[in-house]
Structures are given as C-alpha cells and as structure tokens.
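The chain contents come next:
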Amino acid sequence: MSAVPQADPCNIVIFGASGDLTRRKLLPALARMQRWNLLAADSRIIGVMRDPSWHAERWQQYVHASLEEFHPDAINEADSWQTIAAMLELTIGDLTDASMYQRLRENMKSSNGRTNALFYLAIPPQWYESAVSALHQSGLLDESDGFRRIVIEKPFGSDVASARALNLAFREYVKESQIYRIDHYLGKEGVQNLMVFRFANTVFEPLWNRNYIDHVQISVSENIGVEYRADYYEKAGALMDMIQSHLIQVMTLVAMEIPVSLDGNAVRDEKVKVLKSVRPIPPDQVDRFAVRAQYAGGMIDGKRVPAYRDEPDVDPASTTETFAALKLYIDNWRWQDVPFLLRTGKRLPHRVSEIAIRFKKPPKNLFSQVKTQLPQNELIFRLHPEEGMIFLLNAKLPGLNDELRKLALDAPYAVTGSDSPEAYETLLHDALLGQMALFSRADEVEESWRIVAPVMQAWKQPGSIRFYEAGSWDIPDTETIMEGCIGCWRDLSTTYQHGYTSSS
Ligand code: BG6
C-alpha cells in the first residue's frame, strides 16, 4: 500500500449524512482509507442533515455504529477510531437555507492555506440541482483557495431530456471537471482489472473482436429483493436501476478502443464512442431485444420470500420489472453484429456478477468422439462472489482414452493476506486525487439514457408483465433474445475448480 498516494487534506461534506448510503458505504469506505493512511489527518468528515434533533454527539454515535457494523476494524483499533472521531463535524440545516451554507463554511477546515472540499450528494435526485445551485450562491464552489468537487450518485436524470437538463443546469454553476458522477461498479476491482487485462497484455487484443468473439454476456444476479427501497424502485425498475448505469458502463469497458492514456478524458472519449455506436433499438421491435419480468413469491436459501407485489410500499398491481435483459449491438469495425447481452434481476437463486466473453466455435470439428459440437471457449471475469478470471478451454483428458473435457484455468485475483478495497473506497480516493477516469462524463450519461429510451417507452405502455418464481432461473422469454448467439445463457450457479470439469 505504500505506493498509493495520500490525498491532500480535504473537507468531505456529506449531504444526506443520516441516510443509508452514508451508513453502509461512505463511512466504512472513509474509515478504511484512514486506516490505510490514504486520508490526510487534517481532513474533515462533515455530515449535513436537516433534522434539528441531531447534535455532535449523536453524529459521533451514528458513525461509531456504522463502523461497528460495516468496518469493525476501525473501531477495534483505538487509534483509528480516535483519528476518525476527531475528523467529524456536523452542520444542521435545510439545503435551500443560505444560513446553513454559512455554518458549513465555518465548519470547514483549512490546511496549508487551502480549503479543499468534496461535496458528496447522497440525497434524493430531485434535490441535486437545488444543492448545487445553493453551493454556488454561497460561494462554496469557488476554487480560488482549494479544489471544490461534487460527487453525485445515480440516477442522474430519469431519461435523456432530464439528464440533459440537469447537465445544462450544472454547467451554470460548476465546470465539468468538478463533477464526479459515481457508478460504483467502476470502482470494483474486477471491473478495473478488465482494463488492465485488456491494455496490459498483448495476447488477447488480436482476438478481441468480431472475428473471434461470438457474443458477450454481462450478468448481475442478486438474491435480495427490493428491501426497503420500494419508493425509489417502483419508479426505476431493473432497467433504470442497473442496466442504464452499471451494466452499460461495464459494457463500454469491454468494448472500448485502447485509449491514448488513462487520463480521465482519454478513457471517457473512448467510452462515449462505444455508446454512440450502439445501434438504436427499433421502437416497434423492443420484444426482440428486451425482456422484463417480476418476481413472484418463492424460496431463497430455504426461506419463503414474498412476491414483489406483496413487498412493503409496492403497488399490488405493479408492473415494475425486477428482472431485465437487453441485447445490444455496437455498430463499429470491431464489434459489428456481435451481440452484447445484459441481464440483471433481484430474487434470483444466487448473488453472482460476471462478464463472459464467448468465443466462436472452431470452423470444423475434427474430434469424432465429440458427438455434438465442441463447447465454446469462454473467458469469464467474475466480479462476485470471488473476483477473478476463468478461462474455459477444451483439452484432452490425460490417459489412453480419447476423451475431451472442458478445462478451467481459474485465476482468482485475491492474493492471500491482501485486503481488496471496496468500490466506494477506490472511487472516493480517486475523487480526492482528482482522477476522473472512473466517473461518468455528461455525454456518457446522456448516451446511456438514449440507449434504453425505446425500451423505457415501450414498457410504459399498458401491457402485461411476466413473472418468475423467486429463487428460480425460470424466466419467461429470456431465450428469445439469445437468437443468433451460440449456446444459451450461462448458468450462473456453475462454480469452476481449476482443472478439468465434469461436463465435456
Ligand atoms: C445499486 C442498485 O446501484 O446496485 C441496487 O440501486 C443494487 O438495486 C446494487 O442492489 C447492486 O450493487 P452490488 O455492488 O451489490 O452488486
């Protein structure tokens, strides 16, 4: 860890400090950074919240409880906790109240004559513009005495028009280089390793195109349900919640050309080119390219779970999709006619996330003992449960027989004794260092809304939604979008041991 740079002292201001994101993700990530010496001791963690019943002591207890639950090492090491506790400040007040910003300014600390600030908007999206406008009015976005950056959570807009309007509004108050639109999938080790794998090795680049790749499957399967988030999820659904952001972002990293450097704009220029090349889904053919379904009741890990429509705060006649799959084509020289299949859902049997590159079959099968077709080669980047890479090849089983078997080359990323950072830790650290490559630019967000727009439009029309039993992979119609691809959807419950697999 010694080579990892420490960020300059900074006021990390969290709007929405009493919310779930702060408790589960941001505070543990900051505590981990502190433990790894990535956060300067002169930094401050300033919680901003509206509720006047909060006070400094309650904020401290809240942070303590969050770390106890999500990063207990920070509590067990007395020094760590004391250092973090000393960084805590609280500002109470309404986002639209000018006097709150005055108090916030007083709580901000200067170090070496500079007052850096990272404003993290962990608040409902409808408040983004007011918060940024008020920060601007109060002069807190002025960078003359230090950097001032804004980190924004998804969803950024709810369609092309609203994302564009938000981008235009922001442009009045801040420069694009001050805006860090966060997509936590880009902070995952496995996703970053995809770039290293592609751009630090020569061996795969010649294969990385339409001549050798049949199709790409990007899957994120969750076993949790909607939990306590129905209010948001009812309006979002799986398409907006996961595909428009995380899965499309991951797809751009698989498909992008080699950037000229790892500089934020160089990487994002290449990602935008991919997004702009995505073939529009014809509005009258959405069913050929997209599938949606909703979970009914079922069993997960031996426990009965309710149907989505029976979850708290969900409309009993809701047609919100909890599973979505999409087939996209990227119309450029590298990827013309190669399907990119994206799928995600809640209440599926397991929590698994992966990117699978399925290669074409050999032009001729010389091995008569293989009655059907040779299994295709697959390169799988696992993001969850274990991060790593698996390469599936065909090989001869040792011995005097002539049997062929699938051979799994399994390379887990984790090194014994290493402690992989959490996505939010990586991204907060990058934002503090001013590194923008893992954050979405304005045009990226607008382009990804464009890609899903025809599907969103079609799914708004009255129509029936299909159902799947919670805990099962039996989802109606998913095979229809596999048309033209070799094989079928990958079975995400398969686990691979290094070596020969039992299936041929
Ligand atoms: C969030 C979605 O962005 O990502 C959630 O809003 C989803 O619905 C979560 O559960 C999944 O993230 P991860 O890192 O657990 O795969």
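Residues numbered from 1 in each chain as written. Predicted model: local features only at pLDDT ≥ 70, side-chain atom pairs only at ≥ 80, totals over all residues. Heavy atoms only, no water.

This next bit is on the overall build of the protein. Of the regular secondary structure elements, the protein holds 13 helices and 17 strands. Its C-alpha atoms give the protein a radius of gyration of 24 Å, near enough to 23 Å, the size a compact globule of 504 residues would have. Principal-axis analysis of the C-alpha atoms gives the protein an extent of 80 × 55 × 45 Å. Here the protein carries 54 positive and 66 negative side-chain charges, and the mean point of each set is 5 Å from the other. (Helix = DSSP H or I, 4+ residues; strand = E, 2+ residues; numbered from the N terminus. Rg over C-alpha atoms; globule rule 2.2 N^0.38 Å. Lys, Arg positive; Asp, Glu negative; His and termini not counted. Charge placed at Lys NZ, Arg CZ, Asp CG, Glu CD.)

Neighbouring the ligand are the residues K154, H184, Y185, K188, E222, R229, D241, M242, H246, K346 and R351. A distance of 2.4 Å separates an oxygen atom of the ligand from a polar atom in the side chain of Y185. Here an oxygen atom of the ligand and a side-chain polar atom of K346 are 2.8 Å apart. Taking 400 Å² as the accessible area of the ligand by itself, protein coverage stands at 83%. (Near = heavy atom within 4 Å. Polar contact = N/O pair within 3.5 Å; in protein donor to acceptor, adjacent residues only side chain to side chain. Areas by Shrake-Rupley, 256 points an atom, 1.4 Å probe, with all protein chains shown as cover.)

Attention now moves to the domain arrangement of the protein. For an interface, size is often stated in terms of accessible area lost upon the parts coming together. Here the domain parsing of the protein yields domain 1 (11-153) and domain 2 (186-364 + 415-421 + 441-496). Centre-to-centre separation of domain 1 and domain 2, based on C-alpha positions: 33 Å. Contact residues are listed per partner, giving 4 residues for domain 1 and 4 residues for domain 2. Regarding the contact of domain 1 and domain 2, the summed buried area is about 310 Å², with carbon and sulfur atoms giving 34% of it. Three residues, D20, R32 and W36, lead the burial of domain 1 against domain 2; their summed loss comes to 80% of the area buried on that side. Applying the counting rule to domain 1 against domain 2 returns 1 residue pair in polar contact (both at pLDDT 80 or more). In the side of domain 1 that touches domain 2, the residues fall into 1 nonpolar, no polar and 3 charged. (Domains from an automatic or database assignment. Contact = heavy atoms within 4.5 Å. Buried area = accessible area lost by both parts, 1.4 Å probe. Nonpolar A, V, L, I, M, F, W, Y, C, P; charged D, E, K, R; others polar.)

You can see E153 is positioned in the loop between β5 (148-152) and α7 (160-173). Here E153 is buried and forms no salt bridge, its nearest opposite-charge partner K154 lying at an N-O distance of 6.1 Å. Within the structure, E153 has its side chain in polar contact with the side chain of Y120 (distance 2.6 Å). A distance of 3.0 Å separates the side chain of E153 from the side chain of Y424, its partner in a polar contact. With sequence-adjacent residues up to four places away left out, E153 is seen in contact with L21, Y120, L121, Y128, I182 and Y424. (Buried < 20%, exposed > 50% of the residue type's maximum accessible area, 1.4 Å probe, protein only. Salt bridge = Lys/Arg side-chain N within 4 Å of Asp/Glu carboxyl O.)

All told, the structure shown has 29 salt bridges when counted by the stated rule. Ionic pairing is found between D269 and R441, a salt bridge with its closest N-O pair at 2.8 Å. With D269 in helix α10 (residues 264-277) and R441 in the loop between α12 (423-433) and α13 (442-460), this residue pair connects regions lying 172 residues apart in the sequence. Classification of D269 by relative accessible area gives partly exposed; the value is 36%. Assessed through its relative accessible area of 11%, R441 is described here as buried. The salt bridge partner of R466 is D477, with a shortest N-O separation of 2.8 Å. Pair noted here: R466 is in strand β16 (residues 466-470) and D477 is in the loop between β16 and β17 (499-500), with a separation of 11 residues, a long-range link. With relative accessibility at 39%, the residue D477 sits in the partly exposed group. One network of salt bridges, with partners in common, ties together E354, R358, E378, R382 and R490.

Attention now moves to the packing of aromatic side chains. In total, this model carries 15 aromatic pairs according to the counting rule given. Centroid distance F15 to F119: 6.3 Å. Interplanar angle 50°. Geometry classified as tilted. Here the residue F15 occupies a position in strand β1 (residues 11-15), and F119 occupies one in strand β4 (residues 117-121), the gap between them amounting to 104 residues. A relative accessible area of 1% means that F15 is categorised as buried. Given a relative accessible area of 0%, F119 falls into the buried group. Put simply, the rings of F197, F204, W208, F359, F381 and F391 pair up and form one aromatic cluster. One residue, R58, lies across the ring of W54, its end atom 4.1 Å from the ring centre. The ring of W473 carries R343 above its face, with NZ or CZ at 4.9 Å from the centroid. (Phe/Tyr/Trp six-rings, centres within 6.5 Å; stacked < 30°, edge-to-face > 60°. Lys NZ or Arg CZ within 6 Å of the ring centre and 35° of its normal.)

Another point: the pairing of strand β2 (residues 44-49). Two faces belong to every sheet, and in a regular strand the side chains alternate between them. Within β2, 6 of the 6 residues are buried, which leaves it mostly tucked inside the rest of the structure. Taking every second residue as pointing to the same face, both faces of β2 are buried, with R44, I46 and V48 on one and I45, G47 and M49 on the other. Where β1 lies against β2, 5 bridges are found, and the strand directions are parallel. Within β2, the residue paired with V13 across the bridge is I46. Alignment of β2 against strand β3 (residues 88-92), held across 5 bridges, turns out to be parallel. (Pairing = 2+ DSSP bridges.)

Between its first and last C-alpha, helix α2 (residues 56-70) extends 21 Å over 15 residues, near the 21 Å set by a 1.5 Å rise per residue. Every buried residue of α2 is accounted for by W59, Y62, V63, S66 and L67. The arc enclosing the buried residues of α2, seen along the axis, measures out at 130°, which places them on a common side. Those residues of α2 that are exposed and angled more than 90 degrees off the buried face are E57 and E69. On its buried face, α2 sits against α1 (20-35), β2, α3 (73-76), α4 (78-87) and β3. (Expected span 1.5 Å × (residues − 1). Arc of directions from axis to C-beta.)

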